[in-house]
Each structure stands twice: as structure tokens, then as C-alpha cells.
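Below are the chains, spelled out letter by letter.
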Amino acid sequence: MSDITELSNFINGEWRPANCEHWIEDYSPANGAHIARIPCSSSEDIDAAVEAALDAADNWANLSIAERADWLDTIAGALEERAEEVAQLESLDTGKPISLARSVDAARSVANFRFFAEQGREFESEVFEMSDATNRVVYKPVGVAGLITPWNLPLYLLSWKVAPALLMGNTVVAKPSEMTPMTASLLAEVIEDVGLPRGVFNLVHGNGIDAGAPLTSHPDVNLISFTGGTTTGREVAKSASSGFKKLSLELGGKNATIIRADVDIENMIHGIVRASFLNQGQVCLCGSRILIHESIYDTFVEAFLNAVANMVVGDPADEGTELGALISAAHRDKVLSYIDLAEEEGGDILCGGGAPVGIPQAFENGYWVSPTVIDGLAPDSRCSTEEIFGPVVTLHPFSDDEEAIEIANMTDYGLAGSIWTADIEAGSAMAEQIDSGMIWVNCWLHRDLRVPFGGVKNSGVGREGGRWSLGFFSEAINICVKH
Ligand code: NAP
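Residues numbered from 1 in each chain as written. Predicted model: local features only at pLDDT ≥ 70, side-chain atom pairs only at ≥ 80, totals over all residues. Heavy atoms only, no water.

**With respect to the domain arrangement of the protein**
Domains assigned within the protein are domain 1 (5–251 + 459–482) and domain 2 (255–448). Look at where the C-alpha atoms of domain 1 and domain 2 centre, and you get two points 30 Å apart. Of the roughly 2,100 Å² buried between domain 1 and domain 2 on both sides combined, carbon and sulfur atoms contribute 57%. When residues of domain 1 are sorted by the area they lose upon contact with domain 2, Ala30, Trp151 and Ser459 head the list and together hold 24% of the total. Run the count over domain 1 and domain 2 and you get one salt bridge. Across the domain 1-domain 2 interface, the total number found is ten residue pairs in polar contact (both at pLDDT 80 or more). Elements represented by at least two residues in the side of domain 1 that touches domain 2 include exactly helix 3 (83–94), helix 4 (98–122) and helix 5 (154–167). With five residues, helix 4 is the single largest residue contributor to the side of domain 1 that touches domain 2. Within the side of domain 1 that touches domain 2, the residues separate by chemical class into twelve nonpolar, eleven polar and five charged. (Domains from an automatic or database assignment. Buried area = accessible area lost by both parts, 1.4 Å probe. Salt bridge = Lys/Arg side-chain N within 4 Å of Asp/Glu carboxyl O. Polar contact = N/O pair within 3.5 Å; in protein donor to acceptor, adjacent residues only side chain to side chain. Helix = DSSP H or I, 4+ residues; strand = E, 2+ residues; numbered from the N terminus. Nonpolar A, V, L, I, M, F, W, Y, C, P; charged D, E, K, R; others polar.)

This is the structure in C-alpha cells:
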């Protein structure tokens, strides 16, 4: 018997084979083993899913927001019962450490449903009084929501879209990354088990061209929420804009980590290393450029390299592992090509630069790159301004806050960043001058789900999170009644 899992689409409450004869194979990043296959779905499968979502739309929209919030809580409860399975599948499918998959991926996927259920219960629409009239704002569903997600935080990001989309009365067609299909299928199982009305949530597996593109251009899809790379986002924007769809784009980043001269290196170094390498550097928010005040450059670099050397890279299933494998052979090769480019651009590889030394034989066919630190590059070099999306950071000295801000803003991206300093006031003032959607001071990826999340410049369009998600996944209608 084969150990390979065959996944199907989930359309109108049923598991359906796709209208195609091709499969997309899914491999374990840790050892290259063949673990699953998904249907290479086409526009016909998208059509069927959209039709199911349309058929279910009116009944779902007619529920009260409190009733839909109850459904989210029910999904959260059922998902929580399978949290360990979510973590195991996510670690297998992405190559990330099991401890991370448990504490971040599985926990946050459940939390997303609970959080938006709570948001629904607290939701109040606005009333604006005039001397002679009353305005009442009504939030209506947008219709069918197309949700497209990447591979780095598969269920974490999918649930971040599914929960608010359902809460605000939309029905959903989800297209997860072909490279990490497992937990999206698990979510569909949970949704089937709890008995969510048919057609409210539909899942179509497949690749971006054959399944993603038909979803973004489908005339009956009214909203697209996309998380992925900037180049893909541009295509999605073109396709969605001609149909005047509501659009949210959460795209790539090249985030700066700014180390001011007064930083408490000993106490902050762990946080700075985490900001650099969490999930093998495959978090859009990771700080891949570290800007260090020149007066502490050597001291900081020594402490940083020591901390990086102590990171445990290896078997993702091992509780003590801190860094796992990269998502695919192609992505590993892209990351390695940037390390080659760094050398051509005059950089010094201070550590890493290839597969980890001494990786056990069982993982030799996996996609590994050890944490890599590069010094000596110009801040406007390609390696210092383009998104690498792997365990690679570049180091740059600066002489004063103005220069740090100038370097931080020297990319086409504007997603996130962090500033590490003993002077909270100076750090906060600096944060306002960085062209990014999110800046942390003395922390990183410290998330309050109520705050706006999103990027500026080439990092995206729109905001999700808290009431921003509720606004995006609904149409605000004003009703003005003359007294
Ligand atoms: P990607 O290649 O852009 O893919 C993202 C999703 O889009 C996948 O499901 C992909 O399908 C699909 N897709 C590809 N072409 C499409 C098309 N023409 N029309 C519609 N959908 C299409 O990104 P990725 O490599 O998966 O993810 C890494 C990127 O995501 C990085 O740039 C990272 O910074 C970004 N990211 C951003 C955030 C954020 O919140 N800003 C969060 C996480 C990740 P297939 O892959 O199956 O072909």
C-alpha cells in the first residue's frame, strides 16, 4: 500500500475529483520524499466551486453576524481538537520545526477563528446623526470571496482570511499553495465534520496558473484576498481589477532590523536572531537586513554570530530543532544563487552559505541551507534590496539615525521592520520615518490581531486584521433617513 496521500477538492460539501488527469506531486522538504499528490485543478473546477459558493450565498448572508460568529467558534473548537495533527502535517509539508508548527501555525489557526468570532460579537455598525436626518451604516457581504495563500504559513494564513470572510457573510473559494496542501484539506474535513452549510466553504487544489488565475478572473467572484510574492500579486491585481473586485494584496518584504548604539545586546540578541531566521527566514516579516550603529558594529556582529552558531538546525520532527528545511529544491537553489550573487557583489560570507555541515544521511535529499550571514555589501546592492526569503541576512553599518532610515527605505518594499534600542522615544520617532506598514520596537512579530496588518510600496495594497478585515470583507452601505 502506498503512503502517499491523495487529496481531493472540497466543493459544495463533497470531496470531488478534479476535472483533469494530472496530479501535482508534493514532497517533504526535509528529505525529498514523495508525501502527497493533489489534483491539478482547472477553470472547470473553479467554475464548480464558484457556483456552489454562489448557491450558498443568500442563506449564509441571511444569518445574523452572531450566528456566523457561533459557527467560527464551532470550527475553532473542532480544529483545536486536531491541533497536534495540524502541527504534524504542517511540519511534514513545509519542513519547519515541529515546535514552531505547534506554537505558531496550529495555535494561530485556531486563534484566528476564535478572534474573529469575538470580533463579530463586539461588532457594532455606526450611526451618524445630522440635525435633520440619521445615517446608519450597514455592513453587507461582498459575495463570493476568492482566497489565495502561499506556502510559508499555510493554515495560519488561510484561516486569517477564511474566518473574517465567513464572519461578514461571504462564501469562500480557497486556493492554497500547491506545495503545502495538507492542512487546507484538514480544515475542509473539520468544516465537513461540524456541518457548515454546503457550499459556504469550498477548496480547490492546484497551481497558480491553472487554478489561481481562473479564480481571480472569475466574473462571479467579488473579492480577492491574496498573500504571496510581489510578482504574482501584480498579475492578480491586473486580473482582478478589470472586474472591479475588492482586492487585498499582502506581498513580499525586505525588512530592516535597526540596532541603535544604546541597544542591550545581551538581552536583545535572541529576539534579533529570531527576527532574522524564524521559519528558516521564510516569513514575509523577517528582518533580512541588519543595520548596526558603527560604534558597536564589531561587538554586535560577534554576539550575533555566536548566537547563530548555537542554533539547532536539523530534523524538523525533533523537539529541540530551531531551523528546518526550505520549502523546495527550486527555492533552495534561488536562495543559494543569491549567496553566489553576494560574493560577486563583494560580500563576505561570515557563516553558512550552503547545506548545514553534518546533516544526517536521512536528510541528504532535503532542501537545506544553513543560517547565512553576509557582511561588506553595499546597502543598495541586489542582495541587500531584493527579497531572498530564506535564512540569509546582510549586515550594514550606519553612523546616525538619519542614515539608518535612509538605508531602511532604500528598497521597493515596505512591509515591516524592527528597531532595537534603550531609548524608546528615539526608537518610536524613528519608526514613524520608515516607509513600512509595521514596525516593532524592541520586539518582532509581537502580534495583536486587532491592529492593521499590511504593507506599503511593493509590499501590498490594503490592510487586514481586526476591524480592517471586517471592513475589507464587507461592503459598507449608508442609509440616510430624513427626520
Ligand atoms: P507566490 O508564488 O506568489 O504564490 C502565492 C499563491 O499564489 C500560491 O497559491 C500560488 O499558487 C498562487 N498563484 C501563482 N500564480 C498565480 C496567478 N497567476 N494567479 C493567481 N494565483 C497565483 O508566493 P509563494 O512563493 O507561495 O510565497 C512566498 C511569498 O509570499 C514571499 O514573497 C513572501 O514575502 C510572501 N508573503 C507575504 C505575506 C504578507 O503578509 N505580506 C505573508 C506570507 C508570505 P502555486 O504556488 O500553487 O502555483
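**Focus: the packing of aromatic side chains**
Here the structure, examined in full by the defined rule, presents nine aromatic pairs. Pairing Phe10 with Trp15 gives two aromatic rings, centres 4.8 Å apart and planes at 50°, and the pair type is tilted. These aromatic residues form a ring-pair network of at least three members: Phe115, Phe116 and Trp160. When the ring centre of Trp23 is taken as reference, the NZ or CZ atom of Arg37 above it lies at 5.9 Å. Just above the ring of Tyr156 sits the side chain of Arg108; from NZ or CZ to the centre is 4.2 Å. (Phe/Tyr/Trp six-rings, centres within 6.5 Å; stacked < 30°, edge-to-face > 60°. Lys NZ or Arg CZ within 6 Å of the ring centre and 35° of its normal.)

**What to know about helix 8 (residues 230–241)**
The end-to-end C-alpha distance of helix 8, which contains twelve residues, comes to 16 Å, matching closely the 16 Å that a straight helix rising 1.5 Å per residue would cover. Along helix 8, the positions that sit buried rather than exposed are Thr230, Gly233, Val236, Ser239 and Ala240. Elements that come into contact with the buried residues of helix 8 comprise helix 7 (208–217), strand 11 (223–227), strand 12 (246–250) and strand 18 (413–414). (Expected span 1.5 Å × (residues − 1). Buried < 20%, exposed > 50% of the residue type's maximum accessible area, 1.4 Å probe, protein only. Contact = heavy atoms within 4.5 Å.)

**A few points about the packing of helix 3 against helix 6 (residues 182–194)**
Running from N to C, helix 3 and helix 6 cross one another at 155°; their axes reach a closest spacing of 9 Å. If you check the angle between helix 3 and helix 6, you find them roughly antiparallel. Of the residues in helix 6, those in contact with Glu85, Val86, Leu89, Glu90, Leu92 and Asp93 of helix 3 are Met182, Thr183 and Leu186. (Axes fitted to C-alpha atoms, helices over the stretch in contact; angles between N-to-C directions. Parallel < 35°, antiparallel > 145°, perpendicular 65-115°, else oblique.)

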